[in-house]
Amino acid sequence: MTRELQDVLGGFAQDRDNLIPILQAVQGEYGYLTPETMEGIADYLSISESSLYGVATFYTQFKFSKPGDHNVRVCLGTACHVRGGSRIMDEVSRHLGIQAGETTEDYKFSLERVACFGSCALSPVVVVDKKVYGRMNPKKVKNILKEYE
Amino acid sequence: MNFEAIKKKAQQEWEAFNTFDKPRILVGAATCGRAAGALEVWEKFKQELASRSLEANIVQVGDLGLCYAEPCIEIATPDGLRVLYGGVTEKIVPELIEEVIVKRNPRPDLALCTFGQKRVEGVPTFEELPMASKQVRVVLRNSGIIDPSNIYHYIARGGYSGLNKALQIGPEKVIEEIRNSGLRGRGGAGFPTGVKWGLARGNKSDVKYMICNADEGDPGAFMDRAALESDPHAVLEGLAIGAYAIGANYAIVYARAEYPLAIERIEGAIRQMEEYGFLGKDILGSGFDLSIKIKEGAGAFVCGEETALMASIEGKRGMPKPRPPFPAQAGLHGQPTNINNVETLANVSEIMNRGASWFSSYGTEKSRGTKTFALAGKINRTGLIEVPMGIKLGDIIFDVGGGILDDKQFKAVQTGGPSGGCIPVKYLDMSVDYEELAKVGSIMGSGGMIVMDEDSCMVDITRYFLSFTEKESCGKCTPCRMGTQHLLHILTEITQGRGRLEYLTLLEKIGMTLKNTSLCALGQTVPNPILSTLRYFREEYVEHIVDKKCRAVVCSALFKSPCQHTCPAGMDVPKYIALIRAERFSDAYKIMLKTNPFPSVCGRVCDHKCQAKCRRRNLDEPLAIKFLKRFITDNAPRPQTTLVPLTRKEKIAVIGAGPAGLTAARDLALRGYKVTVFEELSEPGGMLRWAIPAYRLPRNTLADEINDNIKSLGVEIKCNTRVGRDISFDQVSKNFDYIFMAPGAHKSQLMGVEGENLKGVYGGVEFLRDFNTDEKAWLSGKKTLGSKVAVIGGGNSAIDAARVALRLGADVTILYRREKKDMPAAEEEILAAEDEGIKIKFLVVPLKISGKDGKATEITCQRTKLTEFDKSGRRKPVAILESEFTLGVDSVIAAIGQVPDMTFVPLESGVSVNKWSTFDLAAGSKSQTSNPKFFTGGDALTGPDTVIGAIAQGHQAARDMDAYIRKINNEPAYVEPVDEFIDVPLVVDEETEEVPQARMPELLAGDRRKNFKEVELGYEKTIAVLEACRCLRCDAEIV
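All values reported here derive from a predicted model rather than from experimental measurement.

## Quick look at the overall build of chain A
In step 1: Summing up its helical and strand segments, chain A has seven helices and four strands in all.
In step 2: Taken from N to C terminus, the helices and strands of chain A fall in the order α-α-α-α-β-α-α-β-β-β-α.
In step 3: The principal-axis extent of the C-alpha atoms belonging to chain A is close to 50 × 30 × 25 Å.
In step 4: Relative to its 149 residues, chain A shows a buried fraction of 52%.
In step 5: In chain A, once contacts between residues fewer than 6 apart in sequence are set aside, the share between residues at least 24 apart is 58%.

Here's what the structure looks like:
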């Protein structure tokens, strides 16, 4: 187990209740969950790796491969869908050259679809890292992604 | 500090916050505001103020709920005036500072509303805004008004008084108060909160848990997020009260990770609660201990279900458990647990503060209080609202929400998220409460309300919901795990054009299985969208399956270009527009004639629904498809229609030489039949000749088109021959093998008012027909309408009659019973009429017509007000008593609708006519009547409709008749002859710039009032070609 991982885990009691917060903290530190960190967490909580993977893979928040520097999330909630969200997804996908769930070859961008951000009144919505872009249309996609390139 | 001391300090701070020695700027910076750029505006304000060395108190606040107008900024100046500005961008910040703060000019032109006592002329107060006036803000009582990170603001406005009271009266009394309030769980199920708490209290244990479910997962719902970001204490106080009531010392807020700002606010609020003694040990000296923890969700919709939520807290897969045992008996870690939704708790704190009877004074008997709704979708004023239960659905959508975006037609509203149903137009008048929503097949749900219009496909929406629930199904129970997959697969097949009618039954069966056997509410409610759309929009499913048609033009697997798909006749619009671009006008004409024998007509009078779906409108404006069609017919010689040899022995009769009849006649002649058309009037054309005035459709344009495209094929048109008068129905039936009846709808509906039979009172189409028959007499003045004419009605016939009357020299007023936006007439017609000086009075109905010597002299009218919604989704106009006024008139023209005249159809004929005076169809046929020898189409089948609709039906009938004849004779099906191949170039622009639609040059209003010259002058070639270049070629395929 690495020093960084030990530090992160040290902030939590060795309690099953802390399983998800620990996964969230570790992913927050490393960007994703590696086989090594998963081994360390299972060990820390005294549970089998299979149980740990069983929980981690259930939740969509957890990533098991290296994400891009910038995380692009296109909302495909109902309000966004009704106001053309799928066209935004098509445009982003076309621009980045990847499908939802994938990362660009240069690891610059990851693309995800999200069910709802809760900004429905400003649909369609795209979130890049922590910034929320509302009232999207396919024209705006290029310029917004340029900001991050 | 004791509570009273804290309150005093809070009041002082709140007063200071609301005293504006220096200006105060409130920036709405909840997630909605941020998504619209509020933080950039915040920064800009700080920069600009600093650069001007101006001091101001600038604070980030929460959500007022006017999300459509975000970013919202409130500026308060030392004179006490508080003005809210909407749509504030960084660009106008300097102007706002200069004008509003420095110069004290409140800029009413930029202002949305005011708060507080001081007003600005011409600017409504917040409470007067249409979006706010019907609201009752309980959950949202502080949202957008207080600084959410300042507990004093919350306390000064009544915060923690509820908790204080609760701790004094004891848990049993608290539960009684909540029970009496009638509060029901706002997460969606609506279980009475007081009862739920009583159950949790009743189960004895040292360790109990109180959980706030902030895992708002419904796509389209953001009420909880807004509440937590804007007023976290309201929720936490409710949580503390609930914990006290049930006897729990541990509370948890389970919030979804997608809400980082909400989590940040909750964390801050918890720290403040601890600091001021509202949390921790011996709260407010009551002996009650409480700690609150936050647990973040990790992206699983199912964790909004209480047993799955608890599993998630325990670090397990979020899979539901069977109940019993219920959480109240054995929940988190096996201990008695109570879970409440965010909104429920925000209500609790205020109920304990102001009392159960205050709360229950709102709402209906079984659904007390208020409900927040997240209004989204195709609505003008998207945002967050809170209204009393029992409010009418239509009031929410049209009054509070401001109606449908772009004036489109309302189609349905979806409530309850993926667990809910779609509510159609006919229920706009329903009361919004738990029971009524369940009755129409939906649920209250958490409060998401998504408005859909004519451009939303109900099958696609349903498939969308299933794609969501299929992904989110936890997989534990077979019905949900397998069921969602199968349901999604079936719906996908239907939207891709591979559906079968049996699938509809299958959807229902699988749906009911999930409803009855799934482990948790996710699975049990999966079928709701399916069952409700099948209930109200079954025709759309059938159209997708049988006709491969998506009327909303969404399911792209079923069509290439929206324009062609929407056109009832399926005209190949992209092709002929591309040929205009290539300047091959003759070829363009040939393309048009393949589907439309009357392009010169349609290019002048079509209602062009194709343009409403043209994708170019998402960029700038739709293509001027109608005008381009006319351009071709004006600028290219009409392609020769060659005579087709008579190869069939069957003799066909067509009754009515209108667009439906003539189209069918042409198609049948092209298939080798001898066709005879019987026309009652002296010339063919139907409404085209006898109703539509010459300034819209010149006489010879129509006559030439009929000659060249119909008569030239050998079709015999017998004018002045009315079936039932000049030749009997029986005779026609005997002399011909098959008959196509397209007599149209030419009888005006009566107004039903006294004096209708006086001289000078005309039906709309009757007047137009008389004018067109006897033009000389009218133009010479022998026949006259007099100098003052009133036209009743709002459709195209009313406008036609009004514009003709004007040209005859009359002063014309149109009286319409609803509002301008409700008028069925084409927008361009209404504009043209107004340009010509015709007056239109809205919200007026005729009461009676009075006369002298048997002739009309005045019309008495009443004003109307619009009341509840009727089944068509429009508000019913109801006459206001004692609002009568009279207009002096010489003539009255009633153009309120037409019905077919079916007197020529004898009862013994076996042809069924229904109570609306239209023909009934044989089961399974689109044109055959109850007597297989007789077919029908056009207005006589559908009621008054469009020219292109009639043309399409003429095509349909011809196909059906020919197919029927061949089937009876055991002949093979008709094979379309191979047309001359016309190669259409594919030229698509790399870059597209925004360019508006080319304007149609028109005769100036002054030049056209006294004559019948054609008003629209037609495009010039360069303009037409430029316009054609705007086409995005949606029909192009990448090979």
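## Topic: the overall build of chain B
In step 1: Within chain B one finds 39 helices and 30 strands.
In step 2: A globule of 1039 residues ought to have a C-alpha radius of gyration of about 31 Å, and chain B, at 34 Å, matches this closely.
In step 3: Along the longest, intermediate and shortest principal axes, the C-alpha atoms of chain B span 100 × 70 × 60 Å.
In step 4: For chain B, the residues scored as buried account for 61% of the 1039 residues in total.
In step 5: Taking the intrachain contacts of chain B between residues at least 6 apart in sequence as the baseline, contacts between residues at least 24 apart amount to 71%.
In step 6: Of the accessible surface of chain B, which amounts to about 40,800 Å², a share of 50% is contributed by carbon and sulfur atoms.
In step 7: Computed over 132 positive and 135 negative side-chain charges, the inter-centroid distance for chain B is 3 Å.

## A few points about the packing of aromatic side chains
In step 1: In this structure the tally under the stated criterion is 31 aromatic pairs over all chains.
In step 2: Plain terms: the ring middles of F729 of chain B and F904 of chain B are 6.1 Å apart, the flat faces sit at 50° to each other, and that makes the pair tilted. Separated by 175 residues along the polypeptide, F729 of chain B in helix α31 (residues 729-735) and F904 of chain B in the loop between β29 (898-899) and β30 (934-936) bring together distant segments of the chain. Here F729 of chain B and F904 of chain B have matching classes, each one buried.
In step 3: Relative to F771 of chain B, the ring of F767 of chain B has its centre 6.5 Å away and its plane inclined at 35°; by these criteria the two rings are tilted. Residue F767 of chain B and its partner F771 of chain B are located together in helix α32 (residues 764-773), separated by four residues, close to a single helical turn.
In step 4: Here the aromatic residues Y695, Y762, F767, F771, W778 and F1012 of chain B are joined through ring pairs into a cluster of three or more.
In step 5: Across the ring face of Y107 of chain A, the terminal group of K66 of chain A is positioned such that the distance to the ring centre comes to 4.2 Å.
In step 6: When the ring centre of Y259 of chain B is taken as reference, the NZ or CZ atom of R256 of chain B above it lies at 4.9 Å.

## Things to note about the interface of chain A and chain B
In step 1: Of the residues lining the interface, 37 residues belong to chain A; the matching set on chain B comes to 59 residues.
In step 2: In total, about 3,600 Å² of surface goes out of reach between chain A and chain B, with carbon and sulfur atoms giving 55% of it.
In step 3: Area buried by chain A at its contact with chain B is led by D17, F58 and T78 of chain A, which between them contribute 17% of it.
In step 4: The tally of links between chain A and chain B comes to two salt bridges.
In step 5: For K139 of chain A, the salt bridge goes to E994 of chain B, with nearest N and O atoms at 2.5 Å.
In step 6: Taken together, the connections running from chain A to chain B amount to 25 residue pairs in polar contact (both at pLDDT 80 or more).
In step 7: Listed by contribution, the elements that provide at least two residues to the side of chain A that touches chain B are α2 (19-30), α4 (49-56), α5 (78-82) and β4 (131-133) of chain A.

## A look at the nonpolar core
Within soluble globular proteins, side chains that are nonpolar tend to cluster in buried spots.
Residue and element names in this part refer to chain B.
In step 1: By size, the foremost hydrophobic cluster in this structure holds 141 residues, and its most contacted members are Y160, W197, L236, F278 and I292.
In step 2: Looking at this core element by element, the count peaks at ten residues for helix α10 (residues 232-246).
In step 3: For F278, the residues in contact, after removing those within four places along its chain, are F3, I6, I151, I155, Y160, L163, M273, I283 and L284.
In step 4: Among the nonpolar cores identified, the runner-up in size contains 74 residues, and I577, A660, A669 and L688 belong to it.

## Observations concerning helix α1 (residues 3-17) of chain B
Residue and element names in this part refer to chain B.
In step 1: Helix length check: α1, at 15 residues, gives a terminal C-alpha distance of 21 Å against a target of 21 Å (1.5 Å per residue), a fit within 8%.
In step 2: F3, I6, A10, W14 and F17 are the residues of α1 that are buried. Buried residues of α1, viewed axially, fall in a sector of 70°; they line one side. Structural note: α1 exposes K8, Q12 and E15 on the side pointing more than 90 degrees away from its buried face.
In step 3: Looking at the buried positions of α1, the neighbouring elements they touch are β1 (24-28), β2 (57-61), α5 (151-156) and α6 (161-169).

## Comments concerning the sheet that holds strand β8 (residues 291-296) of chain B
Either a parallel or an antiparallel arrangement is found when strands of a sheet pair, and the pairing is made through backbone hydrogen bonds.
Residues and elements named next belong to chain B.
In step 1: Taken in spatial order, the four strands line up as β8-β7-β6-β9 in an open sheet, and their pairing is parallel. Whereas interior strands pair on both sides, the edge strands pair on one side only; in this sheet they are β8 and β9 (337-341). On average, each strand axis in the sheet is inclined to that of its neighbour by 20°, with strand direction left out of account.
In step 2: Bridge count between strand β6 (residues 209-214) and strand β7 (residues 250-255): six bridges; the pairing is parallel.

## Some points on the domain arrangement of chain A
In step 1: With domains assigned, chain A is organised as domain 1 (3-58) and domain 2 (70-148).
In step 2: Computed over C-alpha atoms, the centres of domain 1 of chain A and domain 2 of chain A are 29 Å apart.

## So, the packing of α32 of chain B against helix α34 (residues 796-807) of chain B
Residue and element names in this part refer to chain B.
In step 1: Between α32 and α34, whose axes approach to 9 Å, the crossing angle comes to 45°. Taken as axis vectors, α32 and α34 run oblique relative to one another. Here α32 and α34 pass one another in a crossing that is left-handed. Listed contacts from α34 to V765, F767, L768 and F771 of α32 are S797, D800, A801 and V804.
In step 2: Of the residues contributing to the contact of α32 with α34, the split by class is six nonpolar, one polar and one charged.

## Some points on empty space enclosed by the protein
All names here are of chain B.
In step 1: Within this structure, the stated rule accounts for four cavities of 30 Å³ or more.
In step 2: Its boundaries defined by the atoms lining it, the largest cavity holds a volume of some 110 Å³.
In step 3: In terms of lining residues, the largest cavity is bounded by 15 residues, among which C563, C614, C1031, L1032 and C1034 are the most central.
In step 4: Those elements that place two or more of their residues in the lining of the largest cavity are α22 (562-566) and α23 (573-581).
In step 5: For the lining of the largest cavity, the leading source of residues is α23, giving three residues.
In step 6: For the lining of the largest cavity, the class distribution of residues is eleven nonpolar, one polar and three charged.

## A closer look at unusual backbone geometry
Residues and elements named next belong to chain B.
In step 1: Here the amide bond leading from R323 into P324 is cis, since omega sits at 10°, within 30 degrees of zero.
In step 2: Residue placement: P324 occurs in the loop between α12 (306-313) and β9.
In step 3: P324 connects to P325 through a cis peptide bond whose omega is 5°.
In step 4: In the Ramachandran plot, V553 falls in the positive-phi region, its phi being about 55° despite a non-glycine side chain.
In step 5: By relative accessible area, which is 9% here, V553 ends up buried.

Quick notes on the rules
Residues numbered from 1 in each chain as written. Chains lettered and ligands numbered in written order. Predicted model: local features only at pLDDT ≥ 70, side-chain atom pairs only at ≥ 80, totals over all residues. Heavy atoms only, no water. Helix = DSSP H or I, 4+ residues; strand = E, 2+ residues; numbered from the N terminus. Buried < 20%, exposed > 50% of the residue type's maximum accessible area, 1.4 Å probe, protein only. Contact = heavy atoms within 4.5 Å. Rg over C-alpha atoms; globule rule 2.2 N^0.38 Å. Areas by Shrake-Rupley, 256 points an atom, 1.4 Å probe, with all protein chains shown as cover. Lys, Arg positive; Asp, Glu negative; His and termini not counted. Charge placed at Lys NZ, Arg CZ, Asp CG, Glu CD. Phe/Tyr/Trp six-rings, centres within 6.5 Å; stacked < 30°, edge-to-face > 60°. Lys NZ or Arg CZ within 6 Å of the ring centre and 35° of its normal. Buried area = accessible area lost by both parts, 1.4 Å probe. Salt bridge = Lys/Arg side-chain N within 4 Å of Asp/Glu carboxyl O. Polar contact = N/O pair within 3.5 Å; in protein donor to acceptor, adjacent residues only side chain to side chain. Core = buried A, V, L, I, M, F, W, Y, C linked by side-chain atoms within 4.5 Å. Expected span 1.5 Å × (residues − 1). Arc of directions from axis to C-beta. Pairing = 2+ DSSP bridges. Axes fitted to C-alpha atoms, helices over the stretch in contact; angles between N-to-C directions. Domains from an automatic or database assignment. Parallel < 35°, antiparallel > 145°, perpendicular 65-115°, else oblique. Left-handed = near helix turned anticlockwise from the far one by under 90°. Nonpolar A, V, L, I, M, F, W, Y, C, P; charged D, E, K, R; others polar. 1 Å grid on protein atoms, 1.4 Å probe; cavity = no way out; pocket = protein on both sides within 12 Å on 5 of 7 lines; lining within 4 Å. Points joined across faces, edges and corners; volume = space filled by probe spheres on them.

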